[in-house]
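One letter stands for each residue in the lines below.
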Amino acid sequence: MSRVGKNPVPIPAGVTVTVTDDNFVTVKGPKGELKKQLSPLVDIKVEGEEAVVTRANDTKKLKELHGLTRSLLNNMVVGVHTGFEKKLEVNGVGYRAQKQGKKLVLNLGYSHPVEMEDPEGIESEVQDNTIIVRGIEKDKVGQYAAQIREKRKPEPYKGKGIKYADEQIRRKVGKTGAGA
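Cut-offs and rules
Residues numbered from 1 in each chain as written. Predicted model: local features only at pLDDT ≥ 70, side-chain atom pairs only at ≥ 80, totals over all residues. Heavy atoms only, no water. Helix = DSSP H or I, 4+ residues; strand = E, 2+ residues; numbered from the N terminus. Contact = heavy atoms within 4.5 Å. Expected span 1.5 Å × (residues − 1). Buried < 20%, exposed > 50% of the residue type's maximum accessible area, 1.4 Å probe, protein only. Pairing = 2+ DSSP bridges. Axes fitted to C-alpha atoms, helices over the stretch in contact; angles between N-to-C directions. Salt bridge = Lys/Arg side-chain N within 4 Å of Asp/Glu carboxyl O.

J.: Outline the environment of K31, supporting the account with residue identities and numerical values.
T.: Relative to the elements of secondary structure, K31 occurs in the loop between β3 (24-29) and β4 (32-37). Taking the C-alpha atoms as reference, K31 lies 9.0 Å from G135; in sequence the two are 104 residues apart. Apart from the residues lying within four places of it in its own chain, the contact partners of K31 are G79, V80, H81, T82, G83 and I136.

J.: Lay out helix α1 (residues 60-81) in plain terms, naming residues and giving numbers.
T.: In a regular helix each residue adds 1.5 Å, so 22 residues correspond to 32 Å; α1 covers 32 Å between its end C-alpha atoms and thus fits that length. Among all positions of α1, only L62, L65, H66, G67, T69, R70, L73, N74, M76, V77, G79 and V80 are buried. Downstream of α1 by one or two residues, G83 has phi in the positive range, about 85°.

J.: Residue-level account of the sheet that holds strand β6 (residues 50-55), with values.
T.: A sheet is described by the order of its strands in space; here three strands give the open sequence β1-β6-β5, paired in antiparallel fashion. In the strand order of this sheet, the two ends are held by β1 (9-10) and β5 (42-47), each with one partner. By the bridge criterion, two bridges tie β1 to β6 in an arrangement that is antiparallel. Pairing of P10 across the sheet is with E50, part of β6. On the sheet, α1 packs against β1, β5 and β6 and is oriented at approximately 165° with respect to β6.

J.: Lay out the sheet that holds strand β9 (residues 103-107) in plain terms, naming residues and giving numbers.
T.: As a general point, the strands of a sheet are linked pairwise by backbone hydrogen bonds and lie either parallel or antiparallel. As summarised here, the arrangement of the three strands in space is β8-β9-β10, forming an open sheet in which the pairing is antiparallel. In this open sheet, the two strands that pair with only one neighbour each are β8 (96-100) and β10 (114-117). Averaged over all pairs of adjacent strands, the angle between strand axes in this sheet comes to 20°, irrespective of strand direction. Here β9 pairs with β10 via four bridges, running antiparallel. When the bridges of β10 are listed, K103 appears paired with E117. Its contacts with the sheet put helix α2 (residues 138-150) on β9 and β10, and the angle it makes with β10 is roughly 170°.

J.: How would you explain the pattern of salt bridges if you had to name every residue and give the values?
T.: Charged atoms that come close allow side chains of opposite charge to pair. For the structure on display, the rule yields ten salt bridges. K153 is the salt-bridge partner of E150, the closest N and O atoms lying 3.9 Å from each other. Here K153 falls in the partly exposed class, since its relative accessible area comes to 44%.

J.: Pulling in residues and values, what's your account of the environment of L106?
T.: Structurally, L106 is set in strand β9. Classification of L106 as buried rests on a relative accessible area of 0%. When the C-alpha atoms of L106 and R96 are compared, they prove to be 6.0 Å apart, with ten residues separating the residues in sequence.

Okay, here's the thing in structure tokens:
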């Protein structure tokens, strides 16, 4: 049995989950509504205040889909109930981020400012040297945060660049002055 797949998905108050015959799942909550077509090879049943994902047999493909389907369903429920957020830190002399409407403007040591438009359903916020990306879809929040980080990855000598708030940067020792 899949360790992830066998756990039921708790459905908090204020969230409704509806599943059609072909596993088209609609989840509505206080933060919004998500719709997704999940694999028809596994069964999804809503029982009271939890959703249960089951599989017909133990083939390798179904074992893979069992845990995946449960995780996708759980991410949808958590997204519409509490939402997801990623924090990024901007480190470096003269490096800064600011919001201009729906645009995120980054000054990262290039000859020009880098402008990024917030995608549909995702919002970003700047506090001091921290960028906070929020949304109800976990994959889109992570993807947008990765795109922001990609504009100037942290370098290992001084730690300058954009990094995740919980990321540890492995530092390297710089040049040694061998001369006299």
